[in-house]
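# Structure at a glance
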Amino acid sequence: MFSAELIIHKSGFQRKGVLFTFFLLLSSLVFANLNGILESLTGRGELGSPLILLSALSILYLIPVKKAYVRSFFLVFSLLTGLYLLFGWASGIWYMDEGNFTMGDAKLGTRQLMTSYIIFSAYYFLFVWAKRTGESDIFLKTLFYLFLIVLLAGILEDYLGLRKVLYQRYTNTRNLGFFGNPNETGMQANLAFVLVVWAYYKKYIRPWTFIILMGLCTYGVLSSFSRTAIVTNAILILFFLGYLIFGSVGLSGLRYQPKRWFFFFLIIGIVVSSFQFVAIPFYNNLKPNQRKRIDAVGNVIFKRQFNNKTTALRAGIFDDAVKLIKKRPLRGYGLHTFSKGGMFPTSPSHGVHNMYLKVMGEAGIIPGLLYLWLIFVFLAGFFRSPGPSGMVISMFGLCIALYSFASHGVFAQKFIAGLIGVFGAFLVRPHNGANNSTNIS
């Protein structure tokens, strides 16, 4: 009897080890862009794709996916993906002779959507299972450390020689990191900050470590010179500081909690000092093109100059896209049509650079509303789950909401799809009657 129980326990332990191996492989391919790095080194983009599919499907096979795990968040995301594909293909084929739709681009859009959906599903079901079995810490810690490694790679790319090895063709002075794209690198730094906040409240790190990592995340954002990332980072820090004070509000009003207030004023002091002794010298030493990008952020925020000059033609493209959507609000123009040049008079070579307009423009207002629902659910995370975990979910929602205003690549970027699955799993409330006996064995 003892021998049989030992064999079962050993088998379960080995299976968990295999699960974690596939999790680590998938996370390296997705969150560290190992897939893109392989493409940069070899010139072949298909090398990592089979590994992504294998890892994701293996995770779904190894965990006991139960009916109770399929909650409203997963169903709505599935509906969004399905309707996006259905309406995008139908509209594109129906109006093929009138617009920007091509079969090749539609296949590319389909591949991006399906890959994102598979990655989302793997992380969603893995973390729902891990939450219910009390085993989420090991996976969260792994994501946290992986994001820090990628963040440091972006900050130290010149010292590590990454640009010379991976992205020799790029000549701009913005940090590219593992992603080869400064806007994605800036987004990654902001998402790293969200995970740093989560790690702080999970007590993975100490307060001083948190402050150091917050500074590194901010520097990672600034070195990307992504306008959206810079604005997002400032809002995230303000949101966190607001939670330190107002998160302690009780029925009797604002309570004095010495640790919270001390931490709040400590961060304020560090931010003010950094602005005076680090940020200003940093700005003065920038190259002219780098300084222009920082100036553009100030013009948008403080002078409200939302125009083609401050947004790199985004404002004009925005107006063009809205006019097109008004002509076909229900049907759209077809899959991937808003993602490339050819649709917008303001800039024939640019896509829409706005995820909200992309979804509505390509597949109509119904998938567009579902996408807005997805964003709203994350933003409302604090109300659905009061406390630090809900606050972190809302911070993630802020990242996605603001990034969607300046990029049409949310579903094309696998590291975002993966985190949608992770944070979506933490939106799922415990099911009444659910137990923690769903261990792998």
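Residues numbered from 1 in each chain as written. Predicted model: local features only at pLDDT ≥ 70, side-chain atom pairs only at ≥ 80, totals over all residues. Heavy atoms only, no water.

Moving on, we come to a nonpolar patch on the surface. Residues Leu330, Ile365, Ile366, Leu369 and Leu372 make up a contiguous nonpolar surface patch of roughly 440 Å² in combined accessible area. Structurally, Ile366 is set in helix α16 (residues 365-379). (Patch = residues over 30% accessible without salt bridge, like charges linked within 9 Å, V, L, I, M, F, W, Y side chains within 5 Å. Areas by Shrake-Rupley, 256 points an atom, 1.4 Å probe, with all protein chains shown as cover. Salt bridge = Lys/Arg side-chain N within 4 Å of Asp/Glu carboxyl O. Helix = DSSP H or I, 4+ residues; strand = E, 2+ residues; numbered from the N terminus.)

On to the packing of aromatic side chains. To describe a pair of aromatic rings, you give the distance between the ring centres and the angle between the ring planes. Tallying each qualifying case throughout the model produces 44 aromatic pairs. Taken together, a centroid distance of 6.1 Å and an interplanar angle of 70° make the contact between Phe23 and Tyr123 edge-to-face. One end of the pair, Phe23, is in helix α1 (residues 2-31); the other, Tyr123, is in helix α5 (residues 103-133), and 100 residues separate them in sequence. Judged by its relative accessible area of 0%, Phe23 is buried. The buried category is assigned to Tyr123, whose relative accessible area is 0%. On the numbers, 6.4 Å between centres and 25° between planes, the contact of Phe73 with Tyr124 is stacked. (Phe/Tyr/Trp six-rings, centres within 6.5 Å; stacked < 30°, edge-to-face > 60°. Buried < 20%, exposed > 50% of the residue type's maximum accessible area, 1.4 Å probe, protein only.)

Bringing α16 into the picture now. Helix length check: α16, at 15 residues, gives a terminal C-alpha distance of 21 Å against a target of 21 Å (1.5 Å per residue), a fit within 8%. Three or more residues of α16 are buried, namely Pro367, Gly368, Leu370, Tyr371, Leu374, Ile375, Val377 and Phe378. Buried residues belonging to α16 abut α4 (72-94), α15 (355-363), α17 (381-384), α18 (388-406) and α19 (414-427). (Expected span 1.5 Å × (residues − 1). Contact = heavy atoms within 4.5 Å.)

This next bit is on the environment of Ser224. Along the chain, Ser224 falls in helix α10 (residues 207-224). The sequence separation of Ser224 and Leu176 amounts to 48 residues, and the corresponding C-alpha distance is 7.0 Å. When residues no more than four places from it in sequence are discounted, the contact partners of Ser224 are Arg174, Asn175, Pro182, Gly186 and Ala229.

Relative to each other, helix α9 (residues 182-201) and α10 sit at 170°, their axes nearing to 8 Å. Between α9 and α10, the interaxial angle falls into the category roughly antiparallel. Residues Pro182, Gly186, Ala189, Asn190, Ala192, Phe193, Val196, Val197 and Tyr200 of α9 pack against Pro207, Phe210, Leu213, Met214, Cys217, Gly220, Val221 and Ser224 of α10. A per-class count over the contact of α9 with α10 returns 13 nonpolar, 4 polar and no charged. (Axes fitted to C-alpha atoms, helices over the stretch in contact; angles between N-to-C directions. Parallel < 35°, antiparallel > 145°, perpendicular 65-115°, else oblique. Nonpolar A, V, L, I, M, F, W, Y, C, P; charged D, E, K, R; others polar.)

Okay, the environment of Ala315 next. On the secondary structure map, Ala315 appears in helix α14 (residues 314-327). The buried category is assigned to Ala315, whose relative accessible area is 7%. On a C-alpha basis, the gap between Ala315 and His353 in space is 9.9 Å, while along the polypeptide they are 38 residues apart.

Another aspect to go through is helix α6 (residues 136-155). It helps to recall that an α-helix has 3.6 residues per turn; residues three or four apart then point in one direction. Taking 1.5 Å per residue as the helical rise, α6 with its 20 residues ought to reach 28 Å, and the 29 Å between its terminal C-alpha atoms agrees with that figure. Of all the 20 residues making up α6, 14 are buried; the element is thus mostly covered by neighbouring parts of the structure.

Scanning the entire structure with this criterion turns up 4 salt bridges. Glu135 serves as the salt-bridge partner of Lys16, at 3.1 Å between the closest nitrogen and oxygen. With Lys16 in helix α1 and Glu135 in the loop between α5 and α6, this pair connects stretches of sequence that are 119 residues apart. Classification of Lys16 by relative accessible area gives partly exposed; the value is 27%. A salt bridge links Lys202 to Asp137; its shortest N-O distance comes to 4.0 Å. Of this pair, Lys202 sits in the loop between α9 and α10 while Asp137 sits in helix α6; the two residues are 65 residues apart in sequence, bridging distant segments of the chain.

On to unusual backbone geometry. Both trends apply: most residues other than glycine have a negative phi, and most peptide bonds are in trans. You will see that Asn33, though not glycine, has its phi angle at about 55°, which is positive. Mapped onto the fold, Asn33 is located in the loop between α1 and α2 (34-42). Asn33 sits in the buried class, given a relative accessible area of 16%. Positive phi values are uncommon outside glycine, yet Phe225 reaches one of about 55°. Within the fold, Phe225 resides in the loop between α10 and α11 (227-246).

Ranked by internal contacts, the top residues of the largest apolar core, which has 128 residues, are Phe127, Phe210, Tyr371 and Phe423. Here this core gets 14 residues from one element, more than from any other, and that element is α5. When neighbours within four sequence positions are excluded, Phe423 is seen to be in contact with Val194, Leu195, Trp198, Phe378, Val392, Ile393 and Phe396. (Core = buried A, V, L, I, M, F, W, Y, C linked by side-chain atoms within 4.5 Å.)

Before going further, it helps to spend a moment on the environment of Phe120. Positionally, Phe120 belongs in helix α5. Given a relative accessible area of 0%, Phe120 falls into the buried group. Those residues in contact with Phe120 that lie beyond four places of it in its chain are Phe73, Phe74, Phe77, Ala417, Ile420 and Gly421.

Taken N-terminus to C-terminus, the directions of α16 and α18 make an angle of 145°; their axes are 7 Å apart at the nearest point. Judged by residue contacts, Tyr371, Ile375, Phe378 and Leu379 of α16 engage Ile393, Ser394, Phe396, Gly397, Leu398, Ile400, Ala401 and Ser404 from α18.

When pLDDT drops low, the exact placement of atoms in the prediction is not to be read closely. For the protein, per-residue confidence averages 83 on the pLDDT scale, and 83% of positions sit at 70 or higher. Every residue in residues 433-441 scores below 50 in pLDDT, and together they form 23 contacts with partners more than four places removed in sequence or on other chains. (pLDDT = per-residue confidence, 0-100.)

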